[in-house]
Amino acid sequence: MNVLMDLWQVQEMRTALVVGSTVAVATACIGVFTVLRGQSFAGHSLTDLASVGGSAAYLLGVNQLWGFLAASVLAGLGMHAIGIERIRGRDVATGIVLATGMGFTSLFITLSMTGNSGGSAAVSVLFGSLFAINPRTVPLICVLALISIVAMALIWRPALFVTVSPQLAHANGVRNGFINASFMCILGIGVALGSISVGAILSTALLIGPASCGLILARRMRDAIVAAAGVGVVSVWVGVIVSYESYHWTGGQSWSVSFCIVALILMMYLICRVLRSLGLVNAAAGRKAGVAHV
Amino acid sequence: MFEAYLLNTWYASTVVAVSAGIIGVFVIMRGDSFLAHAIPHGSFAGAAVAVTIGLSPVTGMGIAALLSALAMHLLGKKGRRDAVIALLLVFLLAGGAFMLSMSGDYSNQVYALLFGQVLAVTDADLLTMSILALIAVAMVLCMIRPLLASSIIPEQARVQGVRNNLVALLFTIVIACVTTASVPIVGAMLLFSLLIAPPAAACALARNPIHAIVLSCVFALGCMWASVALSVLTDLPIGFFVATSSGCIYAIAKFVAHVWKH
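On a predicted model such as this, the values are computed, not experimentally measured, just so you know. (Residues numbered from 1 in each chain as written. Chains lettered and ligands numbered in written order. Predicted model: local features only at pLDDT ≥ 70, side-chain atom pairs only at ≥ 80, totals over all residues. Heavy atoms only, no water.)

Trainee: What is the right way to look at the overall build of chain A in this model?
Mentor: When you go through chain A residue by residue, the secondary structure sums to 14 helices and zero strands. Taking all 294 residues of chain A together, the buried fraction comes to 57%. Of the accessible surface of chain A, which amounts to about 11900 Å², a share of 66% is contributed by carbon and sulfur atoms. (Helix = DSSP H or I, 4+ residues; strand = E, 2+ residues; numbered from the N terminus. Buried < 20%, exposed > 50% of the residue type's maximum accessible area, 1.4 Å probe, protein only. Areas by Shrake-Rupley, 256 points an atom, 1.4 Å probe, with all protein chains shown as cover.)

This is the structure:
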């Protein structure tokens, strides 16, 4: 306990833990829906496109969060407009749009480099670090997380209805298009939050990993979200502390915090899978809702 | 632009373009674009490990690409590409960046492996690349009939005695070879665009597979050469030009195909 109290005294540590926990809770709520809706692919593509915004913001000297946010919300709405939110067997158009996006990312990163090394910008945008977050952005991050959670709660019932049975929902007067578009907006915010915490190309892990664990562990949606938030927060805390303490273990070279978090999330997910295959947990909320994407 | 130190670059980019052009057509026909997206991610981690323990990046990349190709093949068997693959990919990327951060010259290495570097090709790398590309193309040519059959109508191919599963396995190995040959030039993030966009453009325009392969090679070569030239002239990253030019070719080809139809 004393160790924790000591860590809490460090400014970067406090920021990292507060931001990490907030983002983990928000992405858990959004992630459970994303996985249930079979839109893990959309989440993954949005992170690639978010990096365009992040690197452009880096180039212009604006707060990266705005870049991530603008790019991923716009890209989410764009995907909704063209109708490529779900993976379609042979659709290469999506892939080409993504690749072009990454091309622009590399251009912005090169343009923002000073001298001959473009690397540090690439690392900062793509692989991020919770320790490098400016304390002044913390309120903004919390507000965004709150907005996404409230919005998710507002469209909760219709979104669940549309996810499980689009036709039935439509027949019952739910405006499917509106719900889907709002969800893509919320997903965009979630991706931006994930990108600022663990880096643009790693934020998929925060979005999908804890949510998949939650859906394996819990029987009902509400429990799944709570479990997902728990898994997310624990991964972030342990990851942050391990990364911070590794400075002493390795003699001055600390392990990257994003790597620690991603590795922990993968480990948690594998443990959940093992538990399920051993028959220790027997129901997935997704299966009960009639959707099996987990 | 054609100075001696750039000769390796021109030669390597030609090798990359031709092999990616040929293999890409089958990637499109088989609907394997996910593999083409995933295997380069694995190779990034492999290269990072190799750099850390002091091997040549190409060796590490080759081993990692092969391993991840086999893993994808086994995991994909169930017909579901679920959360576990997405998480594994992200873990490989993070692990790669982590390994590089341990080895010191961190950020530039990451940048070069992700987005490619025109000038990074040494003579030894060039030789390995050419051999790998040659193996990949030779494998495709040797099994072109069963490959075509199982790509287009898998059920009928099976009736005629083609072992679809074996073909799929061999083809993932082919993709691994091409990945290893191309990543040092184009970069892990953008190899995908070269493997998908020019072949997809060719498939939109061509009438039969042979046409498609020839056309795809022409498109890929055009993209690659133009990108190398622009990259050398402007000092901007080659990956940017590869991605945008191949995206443009795809858009134009789709448009032309659309006009022809009406």
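Trainee: Explain the overall build of chain B here, please?
Mentor: The helix and strand tally for chain B stands at twelve helices and zero strands. For chain B, the N- to C-terminal ordering of α and β elements is α-α-α-α-α-α-α-α-α-α-α-α. Taking 2.2 N^0.38 as the reference for a compact globule, 262 residues should give roughly 18 Å; the C-alpha atoms of chain B span a radius of gyration of 18 Å, in line with that estimate. Relative to its 262 residues, chain B shows a buried fraction of 58%. Excluding contacts between residues fewer than 6 apart, the proportion of contacts in chain B whose partners are at least 24 apart in sequence is 77%. Each charge sign in chain B was given a centre, from 11 positive and 8 negative side chains, and these centres are 24 Å apart. (Rg over C-alpha atoms; globule rule 2.2 N^0.38 Å. Contact = heavy atoms within 4.5 Å. Lys, Arg positive; Asp, Glu negative; His and termini not counted. Charge placed at Lys NZ, Arg CZ, Asp CG, Glu CD.)

Trainee: Looking at this model, I keep getting lost on the confidence of the model for chain A. Mind explaining?
Mentor: Caution is warranted with low-pLDDT regions, since their predicted coordinates should not be read in detail. Residue and element names in this part refer to chain A. Mean pLDDT over chain A stands at 81; residues scoring 70 or higher make up 87%. Helix 14 (residues 285-288) is the least confidently modelled element of chain A, averaging 49 in pLDDT, while helix 7 (residues 138-154) averages 91, the highest of any element. Between residues 290-294, whose pLDDT stays under 50, and residues either more than four places distant or in other chains, the model counts 17 contacts. (pLDDT = per-residue confidence, 0-100.)

Trainee: Whenever I open this one, the UniProt feature "transmembrane region" (unreviewed entry) in chain A confuses me. Can you help?
Mentor: Residues and elements named next belong to chain A. Under the UniProt annotation, "transmembrane region" (unreviewed entry) lies at residues 15-36, 56-80, 92-111, 140-159, 179-212, 224-242 and 254-272. Counted over residues 56-80, helix gives 88% and strand 0%. Its end C-alpha atoms are 23 Å apart. This span, residues 179-212, is 88% helix and 0% strand, and a straight line between its end C-alpha atoms measures 22 Å. (UniProt positions renumbered as here; feature names shortened; annotations may be inferred.)

Trainee: How should the packing of aromatic side chains be read in this particular structure?
Mentor: Given two aromatic rings, their pairing is described by the distance between the two centres and the angle made by the two planes. Enumeration over the complete set of coordinates arrives at seven aromatic pairs over all chains. Judged by centre distance (6.3 Å) and plane angle (40°), the ring pair of F104 of chain A and F108 of chain A falls under tilted. Pair noted here: F104 of chain A and F108 of chain A are both in helix 5 (residues 92-111), with a separation of four residues, about one helical turn. Ring-pair connections join several aromatic residues into one group, and the members of that group are F104 and F108 of chain A together with F240 and F241 of chain B. Against the face of F178 of chain A rests R175 of chain A, its NZ or CZ located 5.1 Å from the ring centre. (Phe/Tyr/Trp six-rings, centres within 6.5 Å; stacked < 30°, edge-to-face > 60°. Lys NZ or Arg CZ within 6 Å of the ring centre and 35° of its normal.)

Trainee: I would appreciate a short explanation of the environment of V234 of chain A in the present structure.
Mentor: Residue and element names in this part refer to chain A. Positionally, V234 belongs in helix 12 (residues 221-249). In this structure V234 comes out as partly exposed when scored by relative accessible area, which is 41%. Note: C-alpha distance between V234 and R222 (twelve residues apart in sequence) is 18 Å.

Trainee: Hey, could you run me through the UniProt feature "transmembrane region" (unreviewed entry) in chain B in this one?
Mentor: The residues that UniProt annotates with the feature "transmembrane region" (unreviewed entry) are residues 7-29, 49-71, 83-104, 124-144, 165-183, 213-232 and 238-257 of chain B. A distance of 27 Å separates the end C-alpha atoms of residues 165-183 of chain B, which is 100% helix and 0% strand.

Trainee: Just to check I follow, could you spell out the interface of chain A and chain B for this structure?
Mentor: It is common to give the size of an interface as the accessible area lost on bringing the parts into contact. The partner chain B presents 48 residues to the 49 residues of chain A that form the contact. Both sides together, the interface formed by chain A and chain B hides about 3900 Å², and carbon and sulfur atoms give 77% of it. The interface formed by chain A and chain B holds zero residue pairs in polar contact (both at pLDDT 80 or more) in total. When residues of the side of chain A that touches chain B are traced back to their parent elements, those giving at least two are helix 3 (40-60), helix 5, helix 6 (119-127), helix 11 (203-217) and helix 13 (257-277) of chain A. Per element, the largest residue contribution to the side of chain A that touches chain B is 15 residues, and it comes from helix 5 of chain A. Across the side of chain A that touches chain B, the residue classes break down as 27 nonpolar, 19 polar and three charged. (Buried area = accessible area lost by both parts, 1.4 Å probe. Polar contact = N/O pair within 3.5 Å; in protein donor to acceptor, adjacent residues only side chain to side chain. Nonpolar A, V, L, I, M, F, W, Y, C, P; charged D, E, K, R; others polar.)

Trainee: Please explain the nonpolar core as it appears in this structure.
Mentor: Soluble globular proteins tend to bury their nonpolar side chains together. By size, the foremost hydrophobic cluster in this structure holds 175 residues, and its most contacted members are F127 and L130 of chain A together with I23, F115, F171, I185 and M224 of chain B. Contact partners of F171 of chain B, with chain neighbours within four places excluded, come to I23, F26, V27, R30, D32, M143 and L147 of chain B. (Core = buried A, V, L, I, M, F, W, Y, C linked by side-chain atoms within 4.5 Å.)

Trainee: So what exactly am I meant to see when it comes to helix 8 (residues 156-164) of chain A here?
Mentor: For an α-helix, the turn length of 3.6 residues means that residues three or four places apart are oriented alike. Residue and element names in this part refer to chain A. Of all the positions in helix 8, only W156, A159, L160, V162 and T163 are classed as buried. The buried residues of helix 8 all sit within an arc of 165° when viewed along its axis, so they share a single face. Residues of helix 8 that are buried make contact with helix 2 (11-36), helix 7, helix 9 (166-171), helix 10 (176-198) and helix 12. (Arc of directions from axis to C-beta.)

Trainee: Would you take a moment to explain the side chain of S235 of chain A for this structure?
Mentor: Residue and element names in this part refer to chain A. Along the chain, S235 turns up in helix 12. A residue is classified by how much of its surface remains accessible, and S235, at 0% relative accessible area, is buried. If sequence neighbours within four positions are ignored, S235 has contacts with I261, L264, I265 and M268.

Trainee: Please explain the packing of helix 2 of chain A against helix 11 of chain A as it appears in this structure.
Mentor: The geometry of a pair of packed helices is captured by two quantities: the angle between their axes and the separation between those axes. All names here are of chain A. Between helix 2 and helix 11, the shortest axis-to-axis distance is 7 Å and the interhelical angle comes to 70°. As the angle between them shows, helix 2 and helix 11 are arranged roughly perpendicular. Contacts between helix 2 and helix 11 involve V23, T27, A28, G31, V32, V35 and L36 from the former and L206, L207, I208, A211, S212 and L215 from the latter. Tallied by class, the residues present in the contact of helix 2 with helix 11 amount to ten nonpolar, three polar and no charged. (Axes fitted to C-alpha atoms, helices over the stretch in contact; angles between N-to-C directions. Parallel < 35°, antiparallel > 145°, perpendicular 65-115°, else oblique.)

Trainee: In this structure, what is going on with helix 2 (residues 33-53) of chain B? I would like to understand it.
Mentor: Residue and element names in this part refer to chain B. Between its first and last C-alpha atoms helix 2 spans 32 Å; for 21 residues at 1.5 Å apiece the expected length is 30 Å, and the two agree. Counting buried residues along helix 2, 17 of its 21 residues qualify, which places the element largely inside the surrounding structure. Of the residues trailing helix 2, G54 is marked for its positive phi of about 90°. (Expected span 1.5 Å × (residues − 1).)

Trainee: When you look at the side chain of S246 of chain B in this model, what are you seeing that I'm missing?
Mentor: As for its placement among the helices and strands, S246 of chain B is situated in helix 12 (residues 238-261). Residue classification places S246 of chain B among the buried residues on the basis of a relative accessible area of 0%.

Trainee: Explanation requested: the confidence of the model for chain B in the structure shown.
Mentor: Residues and elements named next belong to chain B. Taken residue by residue, chain B gives an average pLDDT of 81. The fraction at 70 or more is 91%. Mean pLDDT across the elements of chain B bottoms out in helix 5 (residues 106-115) (69) and peaks in helix 11 (residues 209-234) (90). As scored by the predictor, the complex reaches a pTM of 0.80 and an ipTM of 0.79.

Trainee: Got a minute to help me understand a nonpolar patch on the surface in this structure?
Mentor: On the surface, a nonpolar cluster with roughly 480 Å² of combined accessible area is contributed by L59, L60, V62, W66 and L111 of chain A. What makes L111 of chain A partly exposed here is its relative accessible area of 44%. (Patch = residues over 30% accessible without salt bridge, like charges linked within 9 Å, V, L, I, M, F, W, Y side chains within 5 Å. Salt bridge = Lys/Arg side-chain N within 4 Å of Asp/Glu carboxyl O.)

Trainee: Can you help me understand the state of the cysteines in this one?
Mentor: A covalent bond bridging the sulfur atoms of two cysteines is what the word disulfide describes. On inspection of all chains with the given rule, the structure shows zero disulfides over all chains. Distance from the sulfur of C213 of chain A, which forms no disulfide, to the nearest cysteine sulfur (C272 of chain A) is 3.7 Å. On the accessibility criterion, C213 of chain A (0% relative accessible area) is buried. Residue C142 of chain B stays outside any disulfide, its sulfur separated by 13 Å from that of C177 of chain B, the closest cysteine. (Disulfide = S-S within 2.5 Å.)

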